[in-house]
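# Coordinate inspection notes
Okay, here's what each chain looks like letter by letter:
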Amino acid sequence: QISLLIGFISVNNSPWTDYSAYSFFQIVTMCDLVMILFFYIMHIFRVYRKLTCVSWPLAEFLHYLIGTILLLIGSIVAAAKSYNITGLVAGATFGFLATILCVISMWSSYKVSCITQSTSKYY
C-alpha cells in the first residue's frame, strides 16, 4: 500500500507529457488503495462474519487479480512514456514494485484460504 502511495505521489508531482497514460496510472493506484483499505476495514471490524452471502476469499482473490493486471498495464505504459523524467520513472518503478507485492499477496491469500481449506480433515 505504501509503494502504491509513493508511486501516486511521484507521478502526481511530476510534469506530465502524456496525460492519458498518467491519468490511467493515477486512477489505477487510487482504486487499488481504496480497495485495499476496504478489505482491511472488513477484516478489522469482522464484517465478513455478518455477511455470509459473499465469498470473501474469492472476492479478495479477484480484487488482487484484477488490480494486479491493471497495475501492471499502468506501470508499463507509465514506464514507456516517462521520457527520463525522474518523478515519472520513480512512479513507474514503485508501480512495478507494487505489482510484485500484489502478486505475493494474491498468492498468500490463495494459499491460506483455498489450500488450507482443501487439506483440512473433517471428523
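Residues numbered from 1 in each chain as written. Predicted model: local features only at pLDDT ≥ 70, side-chain atom pairs only at ≥ 80, totals over all residues. Heavy atoms only, no water.

The name that an unreviewed UniProt entry assigns to the protein is CKLF7 protein, with the source organism given as Chaetops frenatus. According to the UniProt record, the Subcellular location (unreviewed entry) comment for the protein reads "Membrane". (UniProt positions renumbered as here; feature names shortened; annotations may be inferred.)

### Describing the overall build of the protein
A count of helices and strands for the protein gives four helices and zero strands. The order of α-helices and β-strands along the protein, N terminus first, is α-α-α-α. Counting only contacts in the protein whose residues sit at least 6 apart along the sequence, the fraction spanning at least 24 positions is 70%. By element, 73% of the accessible surface of the protein is carried by carbon and sulfur atoms, the whole surface being about 7900 Å². (Helix = DSSP H or I, 4+ residues; strand = E, 2+ residues; numbered from the N terminus. Contact = heavy atoms within 4.5 Å. Areas by Shrake-Rupley, 256 points an atom, 1.4 Å probe, with all protein chains shown as cover.)

### Describing helix 1 (residues 2-12)
Every buried residue belonging to helix 1 is among Ser3, Leu4, Gly7, Phe8, Ser10 and Val11, and all of these are buried. For helix 1, the angular spread of buried residues about the axis comes to 165°, placing them on one side. (Buried < 20%, exposed > 50% of the residue type's maximum accessible area, 1.4 Å probe, protein only. Arc of directions from axis to C-beta.)

### Some points on the packing of aromatic side chains
Taken as a whole, this structure holds two aromatic pairs when the rule is applied. Arranged with centres 5.6 Å apart and planes meeting at 75°, the rings of phenylalanine 38 and phenylalanine 39 form a pair that is edge-to-face. Under the relative-accessibility criterion, phenylalanine 38 is labelled partly exposed at 37%. Relative to tryptophan 56, the ring of phenylalanine 39 lies with its centre 6.4 Å away and its plane at 85°, an arrangement referred to as edge-to-face. (Phe/Tyr/Trp six-rings, centres within 6.5 Å; stacked < 30°, edge-to-face > 60°.)

### Things to note about a nonpolar patch on the surface
Residues Phe24, Leu58, Leu62, Leu65, Ile66, Ile69, Leu70 and Ile73 make up a contiguous nonpolar surface patch of about 650 Å² in total accessible area. Here the element with the most residues in the nonpolar patch is helix 3 (residues 56-80); it accounts for seven residues. Within the fold, isoleucine 73 resides in helix 3. Note on isoleucine 73: relative accessible area 40%, which makes it partly exposed. (Patch = residues over 30% accessible without salt bridge, like charges linked within 9 Å, V, L, I, M, F, W, Y side chains within 5 Å. Salt bridge = Lys/Arg side-chain N within 4 Å of Asp/Glu carboxyl O.)

### A few points about empty space enclosed by the protein
If you walk through the whole model with that rule in mind, you get one cavity of 30 Å³ or more. One number sums up the size of the largest cavity: a volume of about 30 Å³. In terms of lining residues, the largest cavity is bounded by Phe39, Met42, His43, Tyr48, Trp56 and Glu60. Elements with a contribution of two residues or more to the lining of the largest cavity: helix 2 (19-44) and helix 3. Per element, the largest residue contribution to the lining of the largest cavity is three residues, and it comes from helix 2. Across the lining of the largest cavity, the residue classes tally to four nonpolar, one polar and one charged. (1 Å grid on protein atoms, 1.4 Å probe; cavity = no way out; pocket = protein on both sides within 12 Å on 5 of 7 lines; lining within 4 Å. Points joined across faces, edges and corners; volume = space filled by probe spheres on them. Nonpolar A, V, L, I, M, F, W, Y, C, P; charged D, E, K, R; others polar.)

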